[in-house]
Amino acid sequence: MKLDKRLELEACLKRVSEILYEDSEPESLETLEDIEKKVRERVLSEVSPRIARFFIEKKTGTNRGKKRKLKSVLGIISLTSGQAERLKIEPYSRYSPLLEKCCLLLSSNESYRDAERDTLLLTGVKVGHSTHHRKVKNRESSPADMKGKLSEIAVDGGTVRIRGEVGEKSFWKEYKTARLGGIYYGAFYQDNDSLVNW
């Protein structure tokens, strides 16, 4: 960025910072963590959605179509159906591609409840555990496309504990995993037929 642009940006950001600070109950900000949470909250609600809207309008060159809202790692952004089409956003999708990737990554490594908690901690955006579950279930996994000889097959399985609401009993479900040639991986939850076909 050129020096004159950087100085102009710094002046604008200083004024934005002053406005946000005055409007954020400064007496409640005691620790650095309090400041981090408040700044992220204000950036996600006031700043980054407006910057995103500007970028979207410039990139797509259109404002036509019905307005819709999308949860994003930038906060809740609004765009039109024409903009969504040009940016290849799926119809009826309520989450941005990057936020969806974050959800899938966290859901693959932990329970849906923990993924809900960690998504909020890491991105500042609340995505419910049932949404994490639905996104995983709706995700299509393509079968492995082997180009050479298969030198190794590993199949494993086990049970996973599913937690219910507080006070409810948990229950156990079966899963199967497979690895082909040390390269292709697949996981199947209560779906033996898909494992056989894979």
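Residues numbered from 1 in each chain as written. Predicted model: local features only at pLDDT ≥ 70, side-chain atom pairs only at ≥ 80, totals over all residues. Heavy atoms only, no water.

### What to know about the nonpolar core
What tends to happen in soluble globular proteins is that the nonpolar side chains get buried as a cluster. Let me state the cut-off plainly: What is meant by a nonpolar core is a set of buried Ala, Val, Leu, Ile, Met, Phe, Trp, Tyr and Cys residues, joined one to another through side-chain atoms within 4.5 Å. Only protein chains enter the accessibility calculation, which uses a 1.4 Å probe. A residue is then buried if its area is under 20% of the maximum for its type, exposed if over 50%, and partly exposed in between. We call two residues in contact when some of their heavy atoms are within 4.5 Å.
If you look at the biggest cluster of nonpolar residues, it comprises seven residues: Ala 52, Ile 56, Leu 70, Ile 77, Leu 79, Ala 84 and Ile 89. Contact partners of Ile 89, with chain neighbours within four places excluded, come to Arg 68, Leu 70, Ala 84 and Pro 97.

### Examining the packing of helix 4 (residues 97–109) against helix 5 (residues 112–123)
What counts is decided by this rule: Working convention: axes come from line fits to C-alpha atoms, limited for helices to the stretch in contact. Angles between N-to-C directions cover 0 to 180 degrees. The helix and strand labels rest on DSSP assignments: H or I over at least four residues marks a helix, E over at least two residues marks a strand, and numbering proceeds from the N terminus. Oblique is the label for any angle not covered by the other classes, which are roughly parallel (under 35 degrees), roughly antiparallel (over 145) and roughly perpendicular (65 to 115). Left-handed is the label given to a crossing in which the near helix is rotated counterclockwise from the far helix by less than a right angle, and right-handed is the label when the rotation is clockwise. Under the grouping applied here, Gly and all other residues not named as nonpolar or charged are polar, the nonpolar ones being Ala, Val, Leu, Ile, Met, Phe, Trp, Tyr, Cys and Pro and the charged ones Asp, Glu, Lys and Arg.
Running from amino to carboxyl end, helix 4 crosses helix 5 at an angle of 135°, the nearest separation of the two axes being 9 Å. Considering their axes alone, helix 4 and helix 5 lie oblique with respect to each other. Between helix 4 and helix 5 lies a crossing whose hand is right-handed. Two secondary-structure elements touch here, helix 4 through Leu 99, Cys 103, Leu 106 and Ser 107 and helix 5 through Tyr 112, Ala 115, Asp 118, Thr 119, Leu 122 and Thr 123. In the contact of helix 4 with helix 5, the residues fall into six nonpolar, three polar and one charged.

### A short note on helix 6 (residues 129–138)
The condition is simple: Within this analysis, the arc is defined by the directions that extend from the helix axis to the C-beta atoms.
Here helix 6 has its buried residues at Thr 131, His 132 and Lys 135. Along the axis of helix 6, the buried residues cluster in a sector spanning 105°; they form a single face. Structurally, helix 6 contributes buried residues whose contacts are with helix 4 and helix 5.

### Side note on the environment of Gly 75
Assignment of secondary structure puts Gly 75 in strand 2 (residues 75–80). For the pair Gly 75 and Arg 42, spaced 33 residues apart in sequence, the C-alpha separation works out to 9.7 Å. Among residues more than four places away in sequence, those in contact with Gly 75 are Leu 44, Ser 48, Pro 49 and Leu 70.

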